[in-house]
Amino acid sequence: MANAPAAGSLDDQTRRQLAQGGGDLDKRTDVVNYLYLPDEPRAQKAGAELRSAGFTVEVRPAATGRKWLTKANRDMVPSAENIAQMRALFERLANQLGGDYDGWEAAVTH
């Protein structure tokens, strides 16, 4: 069984795809994160912390299954450092609240 790629390499891959799509990685763009939690109270708790960290947050039932989605957006420069800090925040929340961080995506900004 092959090992899954490290989170940093997934983030690097996403940043490369943005650049290949014509994105300017030195400009602010809308970065969207997906955090899945077991129930609404934990999803709301994550949402409150993310709002205080400057994210725009939407909490709703996940499209499939019984989990709840905490979707969090923030305009930011998708630098390696910013993305690493963002990932650390979302992974900490996932670990604390029994959820799963499903990564991020961003708009291509020229």
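Refer to the structure above for everything that follows.
Residues numbered from 1 in each chain as written. Predicted model: local features only at pLDDT ≥ 70, side-chain atom pairs only at ≥ 80, totals over all residues. Heavy atoms only, no water.

Asks: Which parts of the structure should I look at to understand the packing of aromatic side chains?
Replies: On inspection of all chains with the given rule, the structure shows 2 aromatic pairs. Relative to F90, the ring of F55 lies with its centre 5.3 Å away and its plane at 90 degrees, an arrangement referred to as edge-to-face. Pair noted here: F55 is in the loop between α2 (40-52) and β2 (56-61) and F90 is in helix α3 (residues 80-97), with a separation of 35 residues, a long-range link. Plain terms: the ring middles of F90 and Y101 are 5.1 Å apart, the flat faces sit at 20 degrees to each other, and that makes the pair stacked. Here Y101 lies in strand β4 (residues 100-106) and F90 lies in helix α3, a separation of 11 residues in the sequence. Pair check on accessibility: F90 and Y101 agree, each one buried. The rings of F55, F90 and Y101 are connected pair by pair, giving a single aromatic cluster. (Phe/Tyr/Trp six-rings, centres within 6.5 Å; stacked < 30°, edge-to-face > 60°. Helix = DSSP H or I, 4+ residues; strand = E, 2+ residues; numbered from the N terminus. Buried < 20%, exposed > 50% of the residue type's maximum accessible area, 1.4 Å probe, protein only.)

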